[in-house]
Amino acid sequence: MLRLLLYFLRLFITRRTLLYLHNFFTSILKPITNLIAKIMPNQSDDHNSDPPPPPFDPSKPSIPISYPINSLEDLDSASYFTSSHYPFNKSTVPLHPPNSALPLRPRLLVCHDMQGGYVDDKWIQGGHNSGAYSIWHWYLIDVFVYFSHNLVTLPPPCWTNTAHRHGVKVLGTFITEWDEGAAICKKLLSTKESAHKYAERLAELAVALGFDGWLLNLEVKVDIGQIPNLKEFVSHLTQTIHSSLPGSLVIWYDSVTIDGELSWQNQLNEKNKPFFDISDGIFINYTWKEDYPKLSARVAGDRKFDVYMGIDVFGRGTFGGGQWTTNVALDVIKKDDVSSAVFAPGWVYETKQPPDFQTAQNRWWALVEKSWGIVQNYPKVLPFYSNFDQGRGNHISIDGAQVLSTQWNNISSQSFQPFLEYVDDPTSNTIDVRVDCSEVSFSGGGNLTFKGTLEANAYVSTRLILGELFMGGLPVRFTYSVKSEGNSQLGLSLEFSSEMEGKKKLLFASQETNQFSSKFDETIVLHQPTKSDTAPGWVIQESSISMNGYTLTEIRAICYRKQPENSEHKSEARSKTTQDPAEYFAVLGHISISTSIQNTEFPPSTSWIVKGKDVEWGGSQGSKTLSLKISWKLKDGWSSRFPRYNIYVEKLIKQAVRPQGRKLETRALAPPNARNGKTEVSGEYLGESQVEAFYVSDFIIPSAISSLKYIIQPCDSGGASQVLDDAPFFQFNVEGQ
């Protein structure tokens, strides 16, 4: 009851007021809740109620989840590293470029504070909520902080994987609050040795799990005699993590002053600068005044970009009001040439802003882009692949074949996101462009859909990608998948730049066309398109180009209508004014860019070691359920881990009658197989993994099954996946268990 009340209070009051009111509400409500507990009947005596779930035991194998550390004892004991969940919590996507420092310009830090943290995103192998919260505007972000009100908030690997894919650093949070937090600080800061020890534990966690540092948020009063040890804690953490993880960050939150008082300064000044001087930056509290960014910049000197002025999107006392006027504060911060820290952008999701989450999210981030500008670009290296997946949806496809038709979410599955421009007031001749999770995809769970009306000789250009990809001497292959209706056509415009040659625009089109050739330096008619065998309607377009010395800076989609092939038809088409303008609809399934030497040779199944362990049986009479952990690794001498693996299962049954003179054989109920080098799946898709392990939980086994064949399908960074017949597998005998 108390927690619920405090949650609603947070929507309306500032952090400082909440702190002062905490003890008051606790003193009133605690006796009331105790009295209610005495007079209400014991719910556990009700035979109709479910028993309470057992306490969480991380040492026991179970569906892998992300979870925080809630005590100094658990932090000190390093028990997290012996948890069955630890191997699954490692991020596998490295930051590119590695060990990079933050750019010397105003930066945008985003602090995730969404419903207390660890909601749908805690399910490492994915959940079942297609409406789960996620972020996909990574090109506007420099640093992402995963925040909760637990002592040690460890970012779920899905956030780190996706943020790193887009070039964004990720921080966890160390926070102390209320009376419990004061007691923790007293113990942590009891000696210099203690401060060093816990700083080292935090650095170890970041290095082991693959994220990039910490936000330190001490919101308690600290004894003045322990301030030297607090400075030791901050300084030692910063130095230790820098030495073991170059490019890492430790950012101090504007709360405790050098005098030990819990007093938010809302600017950088002499009371909090000593902590700023021994860390990588300061997150300023969000109730600042208009001239505070400029004053803070003066105090910071040549480190002004390390000052992050806070903005609470919920609007609790924040400058500019937050919410739909968050850009008011951003404009002031940008003008004064310091950085920004946007707190709780999940406001859009939590408050159910109309008309729907995706539209509201795009609209809100468009305000950020207009005020702050784009800070990331990609691709920078090859291969590059995007299927526009947002990490949630109602289905999953692989190579054009649908393998899942239920709701799911997994932010780790997010591929590179398009730089779509939000149109607030579309006109009648606008082509609406959006990531669509409802239209059956070519790959993953999303597509880019283009829908509207278009005149016969017109075309619409839409920004997709802003890159910084230097083109070397090798030819570069561009591949993309398209599905369209009627005479709707979808091409790609590529813009290149060179210091010597200037800019050059190329158009990829499916047919020779002169209707807008003057807009491009060259039109490249694509190779004979390939129609997908496994997904009717999809067409694969492909072409190779050589642009040695140029840098690819932009990819745009070009929507146009197919022109008649001869003059007679052209004349006839011009007379049919009723067809002008006409409905336009096309879907872009994926884009892939690679060189000829980047074709992956997948190791055969004999090159892998696959094991099963932690087997647990369950189920009631007449049915069985199986839980187990499957792990795999390449034998010595082979290349390193693949970035992703798809997991399938074949259910094998024995023949009921044995033909005379032949052994008893097994056959699959619905085996996956391969055709023309592509995946054709008729078996059961279980999910995907970014690590070399997968946990199968409560898998129902029909009575006729004699064994299960778990197939692990490696996938490369260019979007290709191994033929299933050649993939590694683990066969588990059900009979006799």
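Everything numeric here is computed off the predicted structure, so don't read it as measured data.

Parameters and conventions
- Sequence positions are assigned chain by chain, starting from 1 and proceeding in written order.
- In view of the model being predicted, local features appear only for residues whose pLDDT reaches at least 70, and side-chain atom pairs are presented and counted only at 80 or more, with totals across whole chains, interfaces and linings using the full set of residues.
- Derived side-chain values reflect all non-hydrogen atoms in the structure, with water molecules and hydrogen atoms excluded from consideration.
- In this analysis, strands are considered paired if DSSP registers two or more bridges between them.
- Working definition: helices are DSSP H or I runs of at least four residues, strands are E runs of at least two. Numbering for both runs from the N terminus.
- Angles shown run from 0 to 180 degrees and are taken between the N-to-C directions of axes, each axis being a line fitted to C-alpha atoms and, for helices, limited to the stretch in contact.
- Throughout, a contact is declared for two residues whenever any of their heavy atoms are within 4.5 Å.
- The classification of residues rests on relative accessible area computed with a 1.4 Å probe and restricted to protein chains. Under 20% of the type maximum is buried, over 50% is exposed, and intermediate values are partly exposed.
- To estimate how far a helix should reach, multiply one less than its number of residues by 1.5 Å.
- Think of it this way: Lys and Arg go in the positive column, Asp and Glu in the negative one, and His and the chain ends go nowhere.
- By salt bridge we mean one thing: a side-chain nitrogen of Lys or Arg within 4 Å of a carboxyl oxygen of Asp or Glu.
- We call two N or O atoms a polar contact when they sit within 3.5 Å, provided that within protein one can donate a hydrogen and the other can accept it, with sequence-adjacent residues counted only if both atoms are side-chain atoms.
- By convention the crossing between two helices is left-handed if the near helix lies anticlockwise of the far one by an angle smaller than a right angle, and right-handed if it lies clockwise.
- Polarity classes work like this: nonpolar for Ala, Val, Leu, Ile, Met, Phe, Trp, Tyr, Cys and Pro, charged for Asp, Glu, Lys and Arg, and polar for all others, with Gly in that last group.
- Confidence of the prediction at every residue is given by pLDDT, a number between 0 and 100.
- Only buried residues count toward a nonpolar core, which is a set of Ala, Val, Leu, Ile, Met, Phe, Trp, Tyr and Cys residues joined through side-chain atoms within 4.5 Å.
- All domain edges in this entry derive from an automatic or database-based domain assignment.
- Any two of the Phe, Tyr and Trp rings considered here, Trp counted by its six-membered ring, make a pair once their centres fall within 6.5 Å; the pair's planes then place it as stacked at under 30 degrees, edge-to-face at over 60, or tilted in between.

1. Describing the sheet that holds strand S26 (residues 608-618)
Strand pairing in a sheet relies on backbone hydrogen bonds. The paired strands run either parallel or antiparallel. An order of S26-S27-S33 is seen for the three strands of this open sheet, with the pairing classed as antiparallel. Each of the sheet's edge strands pairs with one partner strand only, and the pair in question is S26 and strand S33 (693-701). Adjacent strand axes in the sheet meet at a mean angle of 20 degrees when their direction is disregarded. Note that S26 and strand S27 (residues 624-634) share nine bridges and pair antiparallel.

2. Description of the environment of Tyr459
By secondary structure assignment, the location of Tyr459 is in strand S17 (residues 459-470). In this structure, the C-alpha to C-alpha distance between Tyr459 and Gln489, residues 30 residues apart in sequence, is 9.7 Å. Ignoring sequence-local partners within four residues, the contact set of Tyr459 consists of Leu454, Phe516, Lys519, Ile558, Cys559 and Tyr560.

3. Observations concerning the side chain of Gln489
Relative to the assigned elements, Gln489 resides in strand S19 (residues 488-498). Here Gln489 falls in the buried class, since its relative accessible area comes to 13%. Each residue touching Gln489, except ones within four places of it in the same chain, is listed here: Ser510, Gln511, Ile558, Cys559, Tyr560, Arg561, Lys562 and Tyr584.

4. Focus on unusual backbone geometry
In this model, Tyr378 is joined to Pro379 through a cis peptide bond whose omega is 10 degrees. Positionally, Pro379 belongs in the loop between helix H12 (357-372) and strand S10 (384-386). Of note, the bond from Leu382 into Pro383 is cis; its omega dihedral lies within 30 degrees of zero at 0 degrees. Phi at Phe388 is positive, roughly 65 degrees, even though this residue is not glycine.

5. A closer look at helix H6 (residues 192-209)
Over its 18 residues, H6 runs 26 Å from end to end, which matches the ideal 26 Å to within 8%, given 1.5 Å per residue. Of all the positions in H6, only Ser194, Ala195, His196, Tyr198, Ala199, Arg201, Leu202, Ala203, Leu205, Ala206 and Leu209 are classed as buried. In the core, the buried residues of H6 are packed alongside helix H3 (72-77), strand S3 (152-153), strand S4 (169-177), helix H5 (178-188), strand S5 (213-219) and helix H7 (227-244). Looking one or two residues beyond H6, the residue adopting positive phi is Gly210, at roughly 85 degrees.

6. Things to note about the side chain of Lys169
Mapped onto the elements of the fold, Lys169 is located in strand S4. Summary of buried charges: Lys169 has no salt-bridge partner, and the nearest side chain of opposite charge, Asp212, is 5.5 Å away. Here Gly247 takes part through its backbone oxygen, which lies 2.7 Å from a polar atom of the side chain of Lys169. Once residues lying within four places of it in the same chain are set aside, the contact partners of Lys169 are Leu95, Ser100, Leu102, Asp142, Val143, Phe144, Asp212, Gly247 and Leu249.

7. What about the packing of H6 against H7?
Orientation of H6 relative to H7, taken along the N-to-C sense of each, is 35 degrees, at an axis distance of 8 Å. Considering how the two elements wind past one another, H6 and H7 form a crossing that is right-handed. Contacts between H6 and H7 involve Lys192, Ala195, His196, Tyr198, Ala199, Glu200, Leu202, Ala203, Ala206 and Val207 from the former and Asn229, Glu232, Phe233, His236, Leu237, Thr240, Ile241 and Ser244 from the latter. Taken together, the residues of the contact of H6 with H7 sort by class into 10 nonpolar, five polar and three charged.

8. Remarks on the confidence of the model for the chain
Caution applies to low-pLDDT regions: their predicted coordinates should not be interpreted in detail. Averaged over the chain, the pLDDT score is 87; the fraction of residues at 70 or greater is 84%. Between residues 656-682, whose pLDDT stays under 50, and residues either more than four places distant or in other chains, the model counts 61 contacts.

9. Comments concerning the pattern of salt bridges
Oppositely charged side chains can pair when the atoms bearing their charge come close. The full count for this structure, using the stated rule, is 21 salt bridges. In this structure, Glu421 engages Arg463 in a salt bridge whose closest nitrogen and oxygen atoms are separated by 3.9 Å. Note that Glu421 is positioned in the loop between strand S14 (408-409) and strand S15 (432-436) and Arg463 in strand S17, a separation of 42 residues in sequence. Here Asp432 ties to Arg434 by a salt bridge, and the two come within 2.9 Å at their closest N and O atoms.

10. Things to note about H12
Taking 1.5 Å of rise per residue, the 16 residues of H12 would be expected to cover 22 Å, and the 22 Å separating its terminal C-alpha atoms lies within 8% of that figure. Count one or two residues on from H12 and you reach Gly373, which has phi positive near 95 degrees.

11. Details of the nonpolar core
In this structure, Trp214, Phe233 and Phe450 are the most contacted members of the largest nonpolar core, which totals 151 residues. With eight residues, the single largest contributor to this core is H6. Residue contributions to this core reach at least three from each of two domains, namely domain 1 (72-120 + 137-372) and domain 2 (384-562 + 580-594). Leu628, Ile647, Val696 and Leu708 belong to the second largest nonpolar core, which has 24 residues in total.

12. Overview of the sheet that holds S19
Sheet architecture is open: five strands sit in the order S17-S24-S19-S20-S21, paired in mixed fashion. The strands lining the two open edges of the sheet, one partner per strand, are S17 and strand S21 (522-525). Across this sheet, the average inter-strand angle for adjacent strands is 25 degrees, counted without regard to direction. Across nine bridges, S17 lies against strand S24 (residues 551-561) in antiparallel orientation. Looking at the pairing, Val460 lines up with Cys559 of S24.

13. Comments concerning the packing of aromatic side chains
Under the criterion given, the structure shown has 39 aromatic pairs. The interplanar angle of 85 degrees and the centroid separation of 5.1 Å between the aromatic rings of Phe81 and Tyr86 together place this pair among those described as edge-to-face. Phe81 sits in the partly exposed class, given a relative accessible area of 27%. Each ring, one from Tyr133 and one from Trp159, has its centre 6.4 Å from the other, and the planes form 45 degrees; the classification is tilted.

14. Details of the pairing of strand S2 (residues 143-146)
Burial along S2 is two-sided: Val143 and Val145 and Phe144 and Tyr146, pointing in opposite directions, are all buried. Here four bridges tie strand S1 (residues 108-112) to S2, and the two strands are oriented parallel to one another. Residue pairing for S2: Cys111 is matched across the bridge by Val145. Note that S2 and S4 share three bridges and pair parallel. Opposite Val145, over in S4, you have Leu171 as the bridge partner.

15. What to know about the environment of Val375
Topologically, Val375 is positioned in the loop between H12 and S10. Given a relative accessible area of 16%, Val375 falls into the buried group. Between the C-alpha atom of Val375 and that of Trp138, which follows or precedes it by 237 residues, the distance is 8.8 Å. The residues contacting Val375, other than those within four sequence positions of it, are Arg105, Tyr139, Leu140, Ile141 and Asp142.

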